Amino acid sequence: MEKLGLGPEVLLQENPRLIYARLTGFGQTGKYASSAGHDINYLALSGVLSKLGRKDENPYAPFNLLADFAGGGVMCAMGIVSALYERTRSGKGQVIDASMVEGVAYLSSFLWKSQKLGLWNRPRGENLLDGGAPFYETYRTSDGKYMAVGAIEPQFYEQLIKGLNLDSDELPSQLSFSDWPEMKKKFASIFAQKTQAEWCSIFDGTDACVTPVLSFDDVASHQHNKQRSSFIKNDQEEISPRPAPLLSRTPAVPSFKRDPFIGEHTEEILLEYGFTKQEITKLYSDKVIEFGKPKANL
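This section reports on the structure supplied with the text.

Analysis parameters
- Residues numbered from 1 in each chain as written.
- Predicted model: local features only at pLDDT ≥ 70, side-chain atom pairs only at ≥ 80, totals over all residues.
- Heavy atoms only, no water.
- Pairing = 2+ DSSP bridges.
- Helix = DSSP H or I, 4+ residues; strand = E, 2+ residues; numbered from the N terminus.
- Axes fitted to C-alpha atoms, helices over the stretch in contact; angles between N-to-C directions.
- Contact = heavy atoms within 4.5 Å.
- 1 Å grid on protein atoms, 1.4 Å probe; cavity = no way out; pocket = protein on both sides within 12 Å on 5 of 7 lines; lining within 4 Å.
- Points joined across faces, edges and corners; volume = space filled by probe spheres on them.
- Nonpolar A, V, L, I, M, F, W, Y, C, P; charged D, E, K, R; others polar.
- Core = buried A, V, L, I, M, F, W, Y, C linked by side-chain atoms within 4.5 Å.
- Buried < 20%, exposed > 50% of the residue type's maximum accessible area, 1.4 Å probe, protein only.
- Domains from an automatic or database assignment.
- Phe/Tyr/Trp six-rings, centres within 6.5 Å; stacked < 30°, edge-to-face > 60°.
- Lys NZ or Arg CZ within 6 Å of the ring centre and 35° of its normal.
- Polar contact = N/O pair within 3.5 Å; in protein donor to acceptor, adjacent residues only side chain to side chain.
- Disulfide = S-S within 2.5 Å.

## Looking at the sheet that holds strand S3 (residues 136-140)
Here comes step 1: If you walk across this open sheet you meet the three strands as S3-S4-S5, and the pairing is antiparallel. In the strand order of this sheet, the two ends are held by S3 and strand S5 (210-212), each with one partner. The sheet shows a mean angle of 25° between the axes of neighbouring strands, direction not considered.
Here comes step 2: Summarising the sheet, S3 and strand S4 (residues 146-150) pair through five bridges and their orientation is antiparallel. Bridging across to S4, Thr138 finds its partner in Ala148.
Here comes step 3: Contacts between helix H8 (residues 196-203) and the sheet are confined to S4 and S5, with S4 contributing the most and set at about 30° to the helix.

Quick look at the structure:
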């Protein structure tokens, strides 16, 4: 937008009610403001990356979901919604400085707060929710698939132990940290004796918090997801998640067409908004815009 000469200083003069969102990795100010970066860098600077990963292994970044999409896109959208609501009172717009570093740090406030509760005060990979606990882990089944276990509360843990055909009286306390490594081995050996489908038949309908780890190939056909129509197919038979959350009165209506290529409709939209072909050619040559085709059809 700045390259087009359409920064907030210009646009807010034209329309003081405008809400202008700037989403960047490091924010508009600070030492790294103009530096290049990616999700892993933003996670590193936020402190969150130091908590992610297995014991005695390097920190591990989970794709680009945390900083890019959650700490970036979702938090920026939340800022826009907040500014829209504030505008109903003040009648004025404002500029939103959305930093992915700050977004993912704020999103992860639970990590800071929960240290006082003892949830994250041990080394990485030895805590309750980071793979340290045997009852919050994934386990391989005999057919090479996986089950996810999240039996944190005692009543759920008891259901897990029952489903594994173990006797809780013969096991160490659930929160005996020193016994966790051995318990993980025990659980792993038991889960490896049955297929994923067999474990589902045991745990489905219980409160053991044990669920199948579904592949992209299987997720849409799972009974729960089918009942909620959680996944949709486009006209190319490609599967994708349905828009969420589901609103009762005005649910989102997904498009069943394939996703557009980057820049596929650039020329079409600019012409619709009154740009001439000469102006579009200039924007393209100045690398302000892109086209989905190898050559612009101007």
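## Observations regarding empty space enclosed by the protein
Here comes step 1: In total, this model carries one cavity of 30 Å³ or more according to the counting rule given.
Here comes step 2: The computed volume of the largest cavity comes to approximately 40 Å³.
Here comes step 3: Around the largest cavity, the lining residues are Pro134, Phe135, Tyr157, Pro172, Ser173, Gln174, Ser176, Asp179, Trp180 and Met183.
Here comes step 4: Of the residues contributing to the lining of the largest cavity, the split by class is six nonpolar, three polar and one charged.

## Some details on the nonpolar core
Here comes step 1: Judged by nonpolar contacts, the single largest core of 35 residues is most densely connected at Phe135, Leu160, Leu164, Phe187, Phe191, Phe203 and Val210.
Here comes step 2: Broken down by secondary-structure element, the contributors of at least two residues to this core are helix H2 (39-46), helix H4 (100-107), S4, helix H6 (154-163), helix H7 (180-191) and H8.
Here comes step 3: When residues of this core are sorted by domain, at least three fall in each of domain 1 (2-117) and domain 2 (136-213).
Here comes step 4: Not counting residues up to four positions away in its chain, the partners in contact with Phe203 are Gln159, Leu160, Gly163, Leu164, Phe191, Ala208 and Val210.

## As for the layout of surface pockets
Here comes step 1: Roughly 690 Å³ of volume is contained in the largest pocket.
Here comes step 2: What lines the largest pocket is a set of 20 residues, among which Leu52, Gly53, Tyr60, Pro62 and Leu129 lie closest to the centre.
Here comes step 3: Counting residues per element, the ones that place at least two in the lining of the largest pocket are helix H3 (65-90), helix H5 (109-114) and S3.
Here comes step 4: By volume, the second largest pocket amounts to about 210 Å³.
Here comes step 5: Within the residue set of the lining of the second largest pocket, elements represented by two or more residues are strand S6 (231-233) and strand S7 (239-241).
Here comes step 6: Taken together, the residues of the lining of the second largest pocket break down into four nonpolar, three polar and five charged.

## A short note on the packing of aromatic side chains
Here comes step 1: Tallied over the entire structure, the rule returns eleven aromatic pairs.
Here comes step 2: Ring centres of Tyr139 and Phe187 lie 6.2 Å apart, and the angle between their planes is 70°; on these two criteria the pair is classed as edge-to-face. With Tyr139 in strand S3 and Phe187 in helix H7, the pair connects residues that are 48 residues apart, well separated along the chain.
Here comes step 3: The exposure class of Tyr139 is buried, given its relative accessible area of 4%.
Here comes step 4: Put simply, the rings of Tyr139, Phe187, Phe191, Trp199 and Phe203 pair up and form one aromatic cluster.
Here comes step 5: Lying over the aromatic face of Phe177, Arg122 brings its terminal NZ or CZ to 4.5 Å of the ring centre.
Here comes step 6: The ring centre of Trp199 lies 5.1 Å from the NZ or CZ of Lys194, which sits over that ring.

## Side note on the environment of Trp120
Here comes step 1: Tracing the backbone shows Trp120 in the loop between H5 and S3.
Here comes step 2: Relative accessible area serves as the criterion here: at 8%, Trp120 is assigned to the buried category.
Here comes step 3: Along the chain, Trp120 and Lys51 lie 69 residues apart, while their C-alpha atoms are 8.4 Å from each other.
Here comes step 4: Once you skip the residues sitting within four places of it in the chain, Trp120 turns out to touch Lys51, Phe110, Leu111, Ser114, Gln115, Asn127, Leu129 and Asp130.
Here comes step 5: Reaching out from Trp120, the side chain makes a polar contact with the side chain of Ser114 at a distance of 3.1 Å.

## Structural notes on the state of the cysteines
Here comes step 1: Counted under the stated rule, the structure contains zero disulfides.
Here comes step 2: Free cysteine Cys200: the closest other cysteine sulfur is in Cys209, separated by 14 Å.
Here comes step 3: On the basis of relative accessibility, which here comes to 13%, the residue Cys200 falls in the buried class.

## Some details on the environment of Phe203
Here comes step 1: Following the sequence through the fold, Phe203 ends up in helix H8.
Here comes step 2: Remark: the alpha-carbon pair of Phe203 and Ser173, spanning 30 residues in sequence, is separated by 22 Å.

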